[in-house]
There are 2 protein chains.
Amino acid sequence: MTDIRRLAEHLNISIGTVSRALNNRPGVHPETRSRVLQAATELGYVANASGRSLRRGATNTIGFVIETGSPANQAGDNFFYIVTDAMHESLAERGYDLVILPCHSADDPVEYLARLVARGIVDALVITATRVQDQRIALLAKSAMPFLTLGRSETPGEYPWIDLDFHDVARRSVAELVALGHRRIAVALPEKDVNLGQHYRSGYLAGLQAAGLPVDPDLILRVATSEEGGYDFGRQLAALPHRPTAALLCSEATTVGLYGALRNNGIAPGTDVSIITFRENPQLRFLDPAPACFRTSLPELGQEMARAVLDLLGNNGDQARRNHKLWPMTFVPGASVAPPGS
Amino acid sequence: MTDIRRLAEHLNISIGTVSRALNNRPGVHPETRSRVLQAATELGYVANASGRSLRRGATNTIGFVIETGSPANQAGDNFFYIVTDAMHESLAERGYDLVILPCHSADDPVEYLARLVARGIVDALVITATRVQDQRIALLAKSAMPFLTLGRSETPGEYPWIDLDFHDVARRSVAELVALGHRRIAVALPEKDVNLGQHYRSGYLAGLQAAGLPVDPDLILRVATSEEGGYDFGRQLAALPHRPTAALLCSEATTVGLYGALRNNGIAPGTDVSIITFRENPQLRFLDPAPACFRTSLPELGQEMARAVLDLLGNNGDQARRNHKLWPMTFVPGASVAPPGS
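Residues numbered from 1 in each chain as written. Chains lettered and ligands numbered in written order. Predicted model: local features only at pLDDT ≥ 70, side-chain atom pairs only at ≥ 80, totals over all residues. Heavy atoms only, no water.

Caption draft 1: Representation of the environment of Gln198 of chain B in the model. Residue and element names in this part refer to chain B. Following the sequence through the fold, Gln198 ends up in helix α9 (residues 195-210). Excluding anything up to four places from it in sequence, Gln198 contacts Val132, Glu154 and Lys192. There is a polar contact of 3.4 Å between the side chain of Gln198 and the side chain of Glu154. (Helix = DSSP H or I, 4+ residues; strand = E, 2+ residues; numbered from the N terminus. Contact = heavy atoms within 4.5 Å. Polar contact = N/O pair within 3.5 Å; in protein donor to acceptor, adjacent residues only side chain to side chain.)

Written as structure tokens, this is what we have:
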């Protein structure tokens with residue numbers, strides 16, 4: 001770890017310039033800014049390299065990065081409030097505070113993270129909404145900053161993750177529908193770079209295979225993770241010459257849009273097309289028929305994440321970096337599921 | 001401003017004890033902890049009293065305190081995500097980052113704030129959900145930390161605030177209902193210490209007075225700001241011997257509960273009892289009849305809050321401390337409002 005003076009010496013530029021670059025102030029050449037951030041990351045810069053901070057555990061603060069501009073959050077998702085509340089409570093028992101670090105919608109998530117790491121304001125970071133190829137993970141893996149990801153990625157590196165079990169949710173959703181006689185089951189996947197889509201897709205395919213059903217590429221669609229995306233999905237299903245009798249959603253944010261699009265096309269959710277969505281949340285309760293979905297304890301998830309981060313900062317940090325946990329979910333039946341042609 | 005060494009000297013205790021107290025670590029006597037926090041607040045302690053931080057604007061970070069454990073947040077309110085996203089974007093243009101500082105549900109909000117201020121991790125703070133008598137404001141007013149409140153308070157002190165215009169919303173809600181012929185209008189207020197309730201109540205009374213209507217104490221109820229609170233309100237209205245023909249909600253979080261309680265008592269929302277709720281949000285769209293409510297631009301509110309905070313940190317900080325702004329809202333008609341007995 002190093003302080004701002006040594007960082008400036010290392011780079012052979014003034015302390016003032018280094019400070020402006022670290023703090024995203026104007027008047028720094030983009031190339032210089034990028035050199036400063038890179039050096040700070042690699043050398044393990046901490047903002048206040050006093051005695052207090054020259055050891056791991058300097059700030060007693062854990063950062064939780066979220067993208068506030070995402071449609072799912074703006075639609076009123078309570079996921080992060082509940083997870084962070086429980087995580088914070090667990091951390092506080094061990095003398096740590098949690099801060100939420102919102103990456104605003106106009107900012108580049110990788111640059112934002114580089115700035116955060118460089119400024120050394122937290123002891124460890126949690127990142128969420130992982131991508132298949134995730135530059136943030138590549139950045140963190142090169143830095144001295146301990147981190148946990150909520151979600152996996154194909155980006156190489158040894159780091160701990162916790163991930164909701166999307167594969168198993170999709171596989172079981174198919175099995176539930178097959179048991180009722182469904183043969184044509186559509187699926188709404190997110191954009192290709194969203195990592196959870198890989199696992200949801202593999203679970204869907206595993207479910208079809210277990211049932212001896214063929215894969216119809218027409219039934220595998222990619223839409224935005226938002227109400228609009230759900231509407232788009234429903235519109236596309238309605239236009240298919242050979243319509244599916246059931247549909248799976250890998251995100252609950254798309255549910256209301258799907259209901260709306262089906263109804264606008266004279267198709268009744270539940271009776272004409274069975275629907276299983278992802279995570280049970282308060283908004284789904286307003287829908288009729290009630291959507292079948294999957295339940296999990298978000299407070300327990302937050303507690304588990306607190307444990308995983310504290311393990312990283314403990315004496316067995318190297319071992320904790322290899323902690324990987326698939327988080328199970330329970331099926332919640334709903335009136336949105338019925339035998340085909342009922 | 002002072003550093004940890006001078007703080008320890010001032011208190012005549014060890015640097016290690018001061019550090020543990022500031023960071024909420026175990027092994028510090030509660031009385032000592034409280035002395036440390038008080039001294040740090042009064043002397044303007046900053047975590048890293050290097051050259052970089054010995055001036056105002058040391059961290060280039062603004063803290064936004066929210067209570068994550070509140071029922072309104074757990075129910076999936078998108079309010080803070082949208083406000084903070086816009087605020088962060090405005091701040092970033094001036095080289096500041098925003099961090100969300102969640103006060104978890106098991107923590108004491110005043111002690112949490114004292115710890116935050118004492119640790120000096122932000123240049124300025126925003127606090128929300130103000131109380132009629134707000135100990136957090138009393139604490140901040142004594143400290144060197146610039147702060148903005150979203151919501152007013154009767155706690156004395158010179159500080160800037162921005163507040164949604166609850167008085168005007170209630171007054172206009174009454175006027176809308178009176179124009180349709182309503183005479184008996186009930187109102188759901190929050191617990192007494194929630195400051196917005198004072199203004200909503202005064203607007204309700206002003207509306208009745210303008211219409212020459214008497215005040216019936218039976219129609220003024222206090223319930224929790226949650227779905228359960230709304231249910232409780234509806235249950236109490238249904239039990240009244242002389243039932244009101246209309247009801248006002250000072251929080252949108254109570255809307256679904258009120259609908260449910262009325263229906264369970266054979267009362268139709270909209271036709272039997274007209275309803276006007278507070279802020280338009282995505283969840284309300286699922287309700288039938290669509291609730292009349294009030295609209296505002298949350299991104300613009302976030303931008304205004306960024307301006308107010310930056311003004312505090314600018315050259316005219318003393319003047320900026322006297323900035324007070326009532327935030328206007330627009331009435332959105334809905335099928336939940338009809339003439340009485342329709």
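Next comes the rest of the description.
Caption draft 2: Just the sheet that holds strand β12 (residues 330-332) of chain A, in detail. All names here are of chain A. The mixed open sheet is built from six strands, whose spatial order is β7-β6-β8-β9-β10-β12. Every interior strand has two partners, whereas the edge strands, β7 (220-222) and β12, have only one. The sheet shows a mean angle of 20° between the axes of neighbouring strands, taken without regard to direction. Sitting on the sheet, helix α8 (residues 166-179) touches β6 (185-189), β8 (246-249), β9 (274-279), β10 (292-295) and β12, and the angle it makes with β9 is about 160°. Contacting β6, β7 and β8, helix α9 (residues 195-210) runs over the sheet at an angle of about 170° to β6. (Pairing = 2+ DSSP bridges. Axes fitted to C-alpha atoms, helices over the stretch in contact; angles between N-to-C directions.)

Caption draft 3: Region of the structure containing the sheet that holds strand β9 (residues 274-279) of chain B. Residue and element names in this part refer to chain B. Spatially, β7-β6-β8-β9-β10-β12 is the arrangement adopted by the six strands of the open sheet, whose pairing is mixed. On the outer flanks of this sheet lie β7 (220-222) and β12 (330-332), each paired with one strand and no other. Here the average twist between neighbouring strands, direction ignored, is 20°. The strands that helix α11 (residues 255-264) touches are β8 (246-249) and β9; relative to β9, the one it contacts most, it runs at about 165°.

Caption draft 4: Region of the structure containing helix α1 (residues 4-11) of chain B. Residues and elements named next belong to chain B. Those residues of α1 lying buried are Ile4, Leu7, Ala8 and Leu11. Buried residues along α1 cover an arc of 100° about the axis, so they all sit on one side. Exposed side chains of α1 directed beyond 90 degrees from the buried face belong to Arg5, Glu9 and His10. Remark: Asn12 follows α1 within two positions and exhibits a positive phi of approximately 60°. (Buried < 20%, exposed > 50% of the residue type's maximum accessible area, 1.4 Å probe, protein only. Arc of directions from axis to C-beta.)

Caption draft 5: Summary view of the confidence of the model for chain A. Per-residue confidence for chain A gives a mean pLDDT of 88, with 90% of residues at or over 70. Taken as a whole, residues 48-57 of chain A scores under 50 in pLDDT and shows 20 contacts with residues more than four places along the chain or in a different chain. (pLDDT = per-residue confidence, 0-100.)

Caption draft 6: View of the pattern of salt bridges. Residues and elements named next belong to chain A. Following the criterion strictly, the structure yields 32 salt bridges over all chains and no others. For Arg136, the salt bridge goes to Glu67, with nearest N and O atoms at 3.7 Å. Residue Arg136 is found in helix α7 (residues 135-142), and its partner Glu67 is found in strand β1 (residues 61-67); the two are separated by 69 residues along the sequence. Accessibility expressed as a relative area gives 5% for Arg136, which makes it buried. Where Asp318 meets Arg321, a salt bridge forms, and the shortest distance between an N and an O atom there is 3.3 Å. (Salt bridge = Lys/Arg side-chain N within 4 Å of Asp/Glu carboxyl O.)

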